[in-house]
Amino acid sequence: GAVVSQHPSWVICKSGTSVKIECRSLDFQATTMFWYRQFPKQSLMLMATSNEGSKATYEQGVEKDKFLINHASLTLSTLTVTSAHPEDSSFYICSAKVGGFYNEQFFGPGTRLTVL
Amino acid sequence: QKEVEQNSGPLSVPEGAIASLNCTYSDRGSQSFFWYRQYSGKSPELIMSIYSNGDKEDGRFTAQLNKASQYVSLLIRDSQPSDSATYLCAVDGNTGKLIFGQGTTLQVKP
C-alpha cells in the first residue's frame, strides 16, 4: 500500500504554545489529505479535509482558527494547533487519498500531542 | 445522517477459529467499502477494500459485500493472537470522505 509519514510522532508542549504536525505522502501524490483526531477508546473524528492549493474544509464544530491546515504541495499537508490547551491533548492522525475511482485512504502513523 | 454501524464487541474467539465481523451502512449510494485494523495506540491500517457484491479474498481475510442488504463483513480465518485489534468498517460516502463505524474489538485467545 501507499506510505504516509507524520512528524513528529509525539510532542509535549506547554499550554499556550503552537504545535505544527507534518503529513507527507512518500510514494504517491495526494491531492486530498484528511486530518483526524482520536481520543482514548473512541473512534476517529474527522477534523478537516485538506486539498492541495485551496483552503481546507472543516467539519462542524472544529475551530478553523485554532487548527490551521496548509496543503502547499501534492505530498505535504500541515496541521498547526495554535495556542494549545490541555483539552487539545489527543492522537492526531492524517490520511492521504490515492487517486482514482476507488479513493482508498492510507493513514500516517499519528502524532500524540500532550499539552501540559 | 449517513451512518455505519458495527457491534463494539469485544468479540472473543479461540486461536485458529474464524472471526466474523459485521457492518451495516445507511447510504444506498455508497460505492466503496473498506476494513481497517487498528492496534491499541496505533493508527488504522487498510487491510481490505471491496467495491462489488460478493466475496473478495486476500490471504486469511475475506470481505463480503451485499449492497441490497447494505451489509459488509470481514472474515478472518485461522485467527491468531496477533489479530487482536479493533477493526473499523469505513464507507465512502460519495463526498470523498470516509464514514467510519465505531469499530469492533477482536480478542483472539491462545
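You'll find the structure just up there.
The rules behind the values
- Residue numbers run consecutively from 1 along every chain, following the written order of its sequence.
- Here the convention is simple: chains get letters from A, ligands get numbers from 1, in the order in which they are written.
- Residue-level local features of this predicted model are given only where pLDDT is at least 70; pairs of side-chain atoms are given and counted only at 80 or more, and the full residue set underlies all totals for whole chains, interfaces and linings.
- In computing side-chain properties, one takes all heavy atoms of the structure into account and sets aside hydrogens as well as water.
- The numbering of helices and of strands both runs from the N terminus, where a helix is a DSSP run of H or I of at least 4 residues and a strand a run of E of at least 2.
- We compute the radius of gyration from the C-alpha atoms alone; for a globule the expected value is 2.2 Å times N to the 0.38, where N is the number of residues.
- To sort residues, take the accessible area from a 1.4 Å probe on protein chains only and compare it with the maximum for the residue type: under 20% means buried, over 50% means exposed, and anything in between is partly exposed.
- Contact between two residues is taken to exist if any of their heavy atoms lie within 4.5 Å; hydrogens are not considered.
- In short, Shrake-Rupley with a 1.4 Å probe defines the accessible areas, and a residue's cover is counted only from the protein chains shown.
- Should DSSP find at least two bridges between two strands, the strands are taken to pair.
- Angles run from 0 to 180 degrees between N-to-C directions of axes, and those axes are lines fitted to C-alpha atoms, restricted for helices to the stretch in contact.
- Aromatic rings from Phe, Tyr and Trp, taking only the six-membered ring of Trp, are treated as a pair when their centres fall within 6.5 Å; an angle between ring planes under 30 degrees marks them as stacked, one over 60 as edge-to-face, and anything in between as tilted.
- When the NZ atom of lysine or the CZ atom of arginine is within 6 Å of a ring's centre and also within 35 degrees of its normal, the charge is said to sit over that ring.
- In this description, a nonpolar core means a group of buried Ala, Val, Leu, Ile, Met, Phe, Trp, Tyr and Cys residues linked to one another through side-chain atoms lying within 4.5 Å.

Caption draft 1: Looking closely at the overall build of chain B. Each helix and strand in chain B was counted, giving 0 helices and 11 strands. Reading the secondary structure of chain B in the N-to-C direction produces β-β-β-β-β-β-β-β-β-β-β. The C-alpha radius of gyration computed for chain B amounts to 13 Å, which stays within 12% of the reference 13 Å derived for 110 residues, consistent with globular compactness. Over its C-alpha atoms, taken along the principal directions, chain B stretches across nearly 40 × 30 × 20 Å. Out of the 110 residues belonging to chain B, those deemed buried represent 47%. Considering only residue pairs separated by 6 or more positions, chain B has 53% of its internal contacts joining residues 24 or more positions apart. Total accessible area computed for chain B in this model is approximately 5100 Å², and 45% of it derives from carbon and sulfur atoms.

Caption draft 2: Local environment of the environment of Phe107(A). Considering the arrangement of structural elements, one finds Phe107(A) in strand β10 (residues 105–107). A residue is classified by how much of its surface remains accessible, and Phe107(A), at 9% relative accessible area, is buried. Ignoring sequence-local partners within four residues, the contact set of Phe107(A) consists of Val4(A), Tyr36(A), Leu44(A), Ile93(A), Cys94(A), Ser95(A), Tyr36(B), Ser43(B), Pro44(B) and Phe100(B).

Caption draft 3: Here's a closer look at the side chain of Ser79(B). Relative to the assigned elements, Ser79(B) resides in the loop between β8 (71–76) and β9 (85–92). Once residues within four sequence positions are removed from consideration, Ser79(B) is found in contact with Val13(B), Pro14(B), Glu15(B), Gly16(B), Ala17(B), Ile18(B), Ala19(B), Arg60(B) and Val108(B).

Caption draft 4: Seen up close, the sheet that holds strand β1 (residues 4–7) of chain A. All names here are of chain A. Ordered by their spatial adjacency, 4 strands build an open sheet running β1-β3-β8-β7, and the pairing between neighbours is antiparallel. What marks the edges here is a single partner per strand, and that holds for β1 and β7 (67–73). Recorded for the sheet is a direction-independent mean angle of 15 degrees between the axes of neighbouring strands. Bridge count for β7 against strand β8 (residues 76–81) is 5 bridges, and the pairing is antiparallel. The partner of isoleucine 69 across the bridge, within β8, is leucine 79.

Caption draft 5: Seen up close, the packing of aromatic side chains. Applying the stated criterion across every chain yields a total of 8 aromatic pairs over all chains. Between the aromatic rings of Tyr36(B) and Phe100(B), the centroid separation amounts to 5.7 Å while the plane-to-plane angle is 50 degrees, which identifies the pairing as tilted. Note that Tyr36(B) is positioned in strand β4 (residues 33–38) and Phe100(B) in strand β10 (residues 98–100), a separation of 64 residues in sequence. Among the aromatic residues, those joined into a ring-pair cluster are Tyr36(A), Phe107(A), Tyr36(B) and Phe100(B). The ring of Phe91(A) is capped by Arg112(A), whose NZ or CZ atom sits 4.2 Å from the centre of that ring. Residue placement shows Arg60(B) over the ring face of Phe61(B); its charged tip is 5.6 Å from the ring centre.

Caption draft 6: View of the nonpolar core. Among the nonpolar cores identified, the biggest contains 41 residues, and Tyr36(A), Phe67(A), Leu113(A), Tyr36(B) and Phe100(B) are the most heavily contacted of them. In terms of residue count, the dominant contributor to this core is strand β9 (residues 90–97) of chain A (5 residues). Apart from residues no more than four positions distant in its own chain, Phe100(B) is found in contact with Tyr36(A), Ser43(A), Leu44(A), Phe107(A), Val4(B), Tyr36(B), Leu88(B), Cys89(B) and Ala90(B).

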